[in-house]
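Given next are the chains, with one letter for each unit.
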Amino acid sequence: MQTLKSEAASAIDRLANAQNIVVVCHFDPDGDAIGSLLGLGLALRAMGKAVVLACDDPVPWNLTFLPGSDTVVQALPPGAFDLAVVVDSSDTRRVGRVGAEAMARGAPVINIDHHVTNTRFGQVNVVDPDAASASEIVYNLLRAMGHALDADTATCLLTGMVTDTRGFRTANVNQRVLRTAADLMDAGAPLATITQLALDRRSFSALAMMGRALDKVRFEDGVIWSAMDLDEIRALDTNGTGARPRNISSLLNAVDGASVAVFFAEKPDGAVDISMRAKPGFDLTALYDEGQALHQQGGGHPLASGAEVNAPLATVVPQVVDALKALVREQSQARETAADLSR
Ligand code: 5GP
Ligand code: MN
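Residues numbered from 1 in each chain as written. Chains lettered and ligands numbered in written order. Predicted model: local features only at pLDDT ≥ 70, side-chain atom pairs only at ≥ 80, totals over all residues. Heavy atoms only, no water.

Draft legend 1. A look at the sheet that holds strand 12 (residues 304-309). The strand order 7-8-9-10-12-11 describes an open sheet built from six strands, whose pairing is mixed. Unpaired on one side and paired on the other, strand 7 (218-220) and strand 11 (298-300) mark the two borders of the sheet. Going from strand to strand, the sheet's axes swing by 15° on average, the running direction of each strand aside. (Pairing = 2+ DSSP bridges. Helix = DSSP H or I, 4+ residues; strand = E, 2+ residues; numbered from the N terminus. Axes fitted to C-alpha atoms, helices over the stretch in contact; angles between N-to-C directions.)

Draft legend 2. Region of the structure containing the site of ligand 1. H115, R244, S275, R277 and G306 are the nearest of the 17 residues found near ligand 1. Taking R94, its side chain carries an N or O atom lying 3.3 Å from an oxygen atom of ligand 1. Within the backbone of G299, a nitrogen or oxygen atom sits 3.2 Å from a nitrogen atom of ligand 1. Relative to its unbound accessible area of 480 Å², ligand 1 is 93% covered by the protein chains. Taken together, the elements giving at least two residues each to the shell around ligand 1 come down to strand 10 (272-278) and strand 12. The element contributing the most residues to the shell around ligand 1 is strand 12, with five residues. Of the residues assigned to the shell around ligand 1, the class counts are three nonpolar, seven polar and seven charged. (Near = heavy atom within 4 Å. Polar contact = N/O pair within 3.5 Å; in protein donor to acceptor, adjacent residues only side chain to side chain. Areas by Shrake-Rupley, 256 points an atom, 1.4 Å probe, with all protein chains shown as cover. Nonpolar A, V, L, I, M, F, W, Y, C, P; charged D, E, K, R; others polar.)

Draft legend 3. Examining the sheet that holds strand 6 (residues 124-127) more closely. Taken together, the six strands give an open sheet; going across it, the order is 3-2-1-4-5-6, and neighbouring strands pair in parallel fashion. Both edges of this open sheet fall to strand 3 (72-73) and strand 6, since each of them pairs with a single strand only. Pairing between strand 1 (residues 20-25) and strand 2 (residues 50-54): five bridges, direction parallel. When the sheet's bridge partners are listed, I21 is paired in strand 2 with V51. Docked against the sheet, helix 1 (residues 4-17) engages strand 1, strand 4 (83-87), strand 5 (109-113) and strand 6, running at close to 120° with respect to strand 6. Packed on one face of the sheet, helix 4 (residues 134-144) meets strand 5 and strand 6 and runs near 120° to strand 5. (Contact = heavy atoms within 4.5 Å.)

Draft legend 4. Summary view of the packing of helix 4 against helix 5 (residues 151-164). Axis separation between helix 4 and helix 5 bottoms out at 8 Å; the angle between their running directions is 145°. Counted together, S135, E136, V138, Y139 and L142 of helix 4 and T153, L157, G160 and M161 of helix 5 form the full contact between these two elements. A per-class count over the contact of helix 4 with helix 5 returns five nonpolar, three polar and one charged.

Draft legend 5. Structural context of helix 7 (residues 191-199). Turning to helix 7, its buried residues are I194, L197 and A198. Buried positions in helix 7, seen along its axis, are confined to an arc of 85° and lie on one side of it. Among the structural elements, helix 5 are those in contact with the buried residues of helix 7. (Buried < 20%, exposed > 50% of the residue type's maximum accessible area, 1.4 Å probe, protein only. Arc of directions from axis to C-beta.)

Draft legend 6. Structural view of the nonpolar core. Ranked by internal contacts, the top residues of the largest apolar core, which has 52 residues, are V23, V85 and I112. Not counting the four nearest positions on each side in its chain, V23 is found in contact with L37, L40, L44, V51, V52, L53, A54, V85 and V87. A278, L287, L324 and L327 belong to the second-largest nonpolar core, a separate cluster that totals 26 residues. (Core = buried A, V, L, I, M, F, W, Y, C linked by side-chain atoms within 4.5 Å.)

Draft legend 7. Broad picture of the coordination of the manganese ion (ligand 2). The protein atoms donating to the manganese ion (ligand 2) are D32 (OD), D88 (OD), H114 (NE2) and D164 (OD), with metal-donor distances spanning 2.2 to 2.4 Å. Ordering the donors of the manganese ion (ligand 2) by residue number gives the pattern D-x55-D-x25-H-x49-D. One end of the pair, D88, is in the loop between strand 4 and helix 3 (96-104); the other, H114, is in the loop between strand 5 and strand 6, with 26 residues separating them in the sequence. Per residue, the accessibility class of D88 equals that of H114, and both read buried. (Donors = N, O, S within 2.8 Å, 3.2 Å for Na, K, Ca; no water.)

Draft legend 8. Focus on the pattern of salt bridges. Per the stated rule, a full pass over the model turns up 13 salt bridges. The shortest N-O distance in the salt bridge between R218 and E220 comes to 2.7 Å. Residue classification places R218 among the partly exposed positions, given a relative accessible area of 42%. Note on E220: relative accessible area 29%, which makes it partly exposed. Residue E308 pairs with K267 through a salt bridge whose shortest N-O separation is 3.3 Å. In this pair, E308 is assigned in strand 12 and K267 in the loop between strand 9 (260-266) and strand 10, connecting sequence segments 41 residues apart. One network of salt bridges, in which partners are shared, links R212, D215, K216 and E232. (Salt bridge = Lys/Arg side-chain N within 4 Å of Asp/Glu carboxyl O.)

Draft legend 9. Structural context of the domain arrangement of the chain. Partitioning the chain into structural domains gives domain 1 (4-199) and domain 2 (204-342). Of note, the centres of domain 1 and domain 2, computed from C-alpha atoms alone, are 26 Å apart. Contact with domain 1, which involves 13 residues of that partner, is made by 17 residues of domain 2. Contact between domain 1 and domain 2 buries roughly 980 Å² in total, counting both sides, with carbon and sulfur atoms accounting for 50%. Counting across the domain 1 and domain 2 interface gives one salt bridge. One salt bridge connects R246 with D28, and the closest N-O pair in it is separated by 3.0 Å. At the surface where domain 1 touches domain 2, the tally comes to five residue pairs in polar contact (both at pLDDT 80 or more). Taken together, the residues of the side of domain 1 that touches domain 2 break down into four nonpolar, four polar and five charged. (Domains from an automatic or database assignment. Buried area = accessible area lost by both parts, 1.4 Å probe.)

Structural data, given as structure tokens:
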């Protein structure tokens, strides 16, 4: 197997030599998807390259302050590319329509990601599960290319770091992450402004949906969860997008005694979006193993994971809650056994 270092070297070589590049991130994009997309895109443009930035969904309103966000398209222009880059996407399902098309145009694919469940679908895979965000990997590649980051690029990359770590609070934040953030600040990225605009703002309807989700919360056997069907979401969502609010699962996971938290939201196409969080020491990615409840239906990190299941909400909720109760039981036992052995 290729090492991360040799994959990064190969990615740098291809990025430096390509002239006509398409970069895509996953649908329903979050701050790291948009931050890494724009950060890489702006830097490549500054190098004089022609760059198409694409995502199935528009840039969320709270991220439209980012420079270059008005250049993200939802459909690819015709023609050939000499390189395709996919950021922050654990598998080819997550890349959506534009991702599938970008990869079908025949150019080599560079897969830049930090999900431990990444399927390594690219010709080059710069996949580093130790990175706290995809934006951090983009930063490392640009620095290794000797690129002088401007304030706009730095702002996009720091936004990815801030949002994926919920303001540098997640378990994967270490000195290296903070040093990278400090370097981006040196390059002109305004940390407090980014935190306020990208992390600490929500729409009134998102707040109302949060209220409804909290009203319906359930808590059993270390698992805390809430679920909303599309009618409930639409009734409270005055923008009419049908989009569920982000980070309800993080809010639930703060509850003392909860080992894992999950929020289920019915999507306009009838599928169920699942957003999960866990307390340190648990590993949600076990759910994606062969024979497990969410095999090939999602991906993510040990403490923050997601999935999309094509089945009715009423069947998905009890199935996944049961699987999570079993996970909490098994992983708590494993931890106790390990503690016994070390005595
Ligand atoms: P979130 O709960 O913030 O939407 O997602 C948690 C993590 O799971 C993110 O890193 C996200 O990229 C990953 N993930 C992978 N597949 C899916 C999916 O199908 N749905 C969601 N919501 N997240 C997914
Ligand atoms: Mn990410």
